[in-house]
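# Descriptive structure summary
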Amino acid sequence: LIAALSRTKFEVRHEILIHAASEKVWSAVIDFNNYKNWNSQLLYLGGTIARNEKIHLKLSVAGAAPYEFKPTISQW
(Lines give C-alpha, C1' and ligand atoms only; values in the text may rest on other atoms or scores of the structure.)
Protein backbone atom coordinates (compact mmCIF):
# COMPACT_ATOMS: atom_id res chain seq x y z
CA LEU A 1 0.00 0.00 0.00
CA ILE A 2 2.74 2.48 0.91
CA ALA A 3 4.62 1.72 -2.32
CA ALA A 4 1.46 2.42 -4.33
CA LEU A 5 0.77 5.66 -2.46
CA SER A 6 4.33 6.87 -2.99
CA ARG A 7 3.69 6.78 -6.76
CA THR A 8 0.35 8.54 -6.48
CA LYS A 9 0.15 12.27 -7.08
CA PHE A 10 -2.07 14.07 -4.62
CA GLU A 11 -2.39 17.51 -3.15
CA VAL A 12 -3.10 18.55 0.40
CA ARG A 13 -4.91 21.85 0.94
CA HIS A 14 -6.29 23.51 4.02
CA GLU A 15 -7.28 27.06 4.82
CA ILE A 16 -7.34 28.81 8.17
CA LEU A 17 -7.56 32.47 9.19
CA ILE A 18 -4.62 33.50 11.35
CA HIS A 19 -4.66 36.89 13.03
CA ALA A 20 -0.95 37.69 12.67
CA ALA A 21 1.33 39.42 10.20
CA SER A 22 2.10 37.25 7.18
CA GLU A 23 5.84 37.63 7.82
CA LYS A 24 5.46 36.16 11.32
CA VAL A 25 3.36 33.23 10.05
CA TRP A 26 5.76 32.51 7.19
CA SER A 27 8.77 32.52 9.52
CA ALA A 28 7.07 29.82 11.64
CA VAL A 29 6.17 27.74 8.57
CA ILE A 30 9.75 27.64 7.26
CA ASP A 31 11.40 27.17 10.67
CA PHE A 32 12.22 23.51 9.95
CA ASN A 33 14.67 23.26 12.87
CA ASN A 34 11.88 24.01 15.35
CA TYR A 35 9.34 21.47 13.99
CA LYS A 36 10.79 18.70 16.17
CA ASN A 37 9.69 20.68 19.26
CA TRP A 38 6.00 20.19 18.44
CA ASN A 39 5.87 17.18 16.09
CA SER A 40 7.21 14.00 17.72
CA GLN A 41 6.69 11.95 14.53
CA LEU A 42 8.99 14.11 12.40
CA LEU A 43 12.48 12.65 12.12
CA TYR A 44 13.73 14.94 9.35
CA LEU A 45 12.50 17.94 7.38
CA GLY A 46 14.68 19.80 4.94
CA GLY A 47 14.99 21.18 1.47
CA THR A 48 14.76 24.43 -0.41
CA ILE A 49 11.73 26.59 0.25
CA ALA A 50 10.81 27.85 -3.22
CA ARG A 51 8.18 27.20 -5.87
CA ASN A 52 8.79 23.99 -7.85
CA GLU A 53 11.43 22.82 -5.35
CA LYS A 54 11.19 19.62 -3.32
CA ILE A 55 11.32 19.29 0.42
CA HIS A 56 12.24 16.04 2.15
CA LEU A 57 10.25 14.67 5.08
CA LYS A 58 10.89 11.57 7.13
CA LEU A 59 8.19 10.51 9.60
CA SER A 60 8.12 7.76 12.18
CA VAL A 61 5.18 6.33 14.10
CA ALA A 62 5.67 3.85 16.93
CA GLY A 63 5.47 0.29 15.64
CA ALA A 64 5.96 1.19 11.97
CA ALA A 65 8.93 1.69 9.69
CA PRO A 66 9.87 5.32 8.98
CA TYR A 67 8.19 6.82 5.92
CA GLU A 68 9.90 9.29 3.62
CA PHE A 69 8.42 11.50 0.95
CA LYS A 70 9.55 14.46 -1.14
CA PRO A 71 6.68 16.75 -2.09
CA THR A 72 7.09 19.58 -4.57
CA ILE A 73 6.13 23.07 -3.47
CA SER A 74 3.48 24.10 -5.99
CA GLN A 75 2.36 27.43 -4.55
CA TRP A 76 4.40 30.28 -3.17
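In what follows, the structure referred to is the one given above.
Notes on the structure follow. (Residues numbered from 1 in each chain as written. Predicted model: local features only at pLDDT ≥ 70, side-chain atom pairs only at ≥ 80, totals over all residues. Heavy atoms only, no water.)

It is characteristic of soluble globular proteins that their nonpolar side chains tend to be buried jointly. Counting seven residues, the largest nonpolar core is built from Phe32, Tyr35, Leu42, Leu45, Ile55, Leu57 and Ile73. Going through the elements one at a time, helix H3 (32-35), strand E1 (42-47) and strand E2 (55-59) are the ones with two or more residues in this core. Filtering out sequence-adjacent residues up to four positions away, Leu45 remains in contact with Phe32, Tyr35, Ile55, His56 and Leu57. (Core = buried A, V, L, I, M, F, W, Y, C linked by side-chain atoms within 4.5 Å. Buried < 20%, exposed > 50% of the residue type's maximum accessible area, 1.4 Å probe, protein only. Helix = DSSP H or I, 4+ residues; strand = E, 2+ residues; numbered from the N terminus. Contact = heavy atoms within 4.5 Å.)

Now for the sheet that holds E1. The strand order across the open sheet built from three strands is E1-E2-E3, with neighbouring strands paired in antiparallel fashion. The sheet is open, and its two borders are formed by E1 and strand E3 (67-69), each paired with just one other strand. Across the sheet, the mean angle from the axis of one strand to that of its neighbour is 5 degrees, orientation sign disregarded. Bridge count between E2 and E3: three bridges; the pairing is antiparallel. Each bridged residue has a counterpart across the sheet, and for Leu57 the counterpart in E3 is Phe69. (Pairing = 2+ DSSP bridges. Axes fitted to C-alpha atoms, helices over the stretch in contact; angles between N-to-C directions.)

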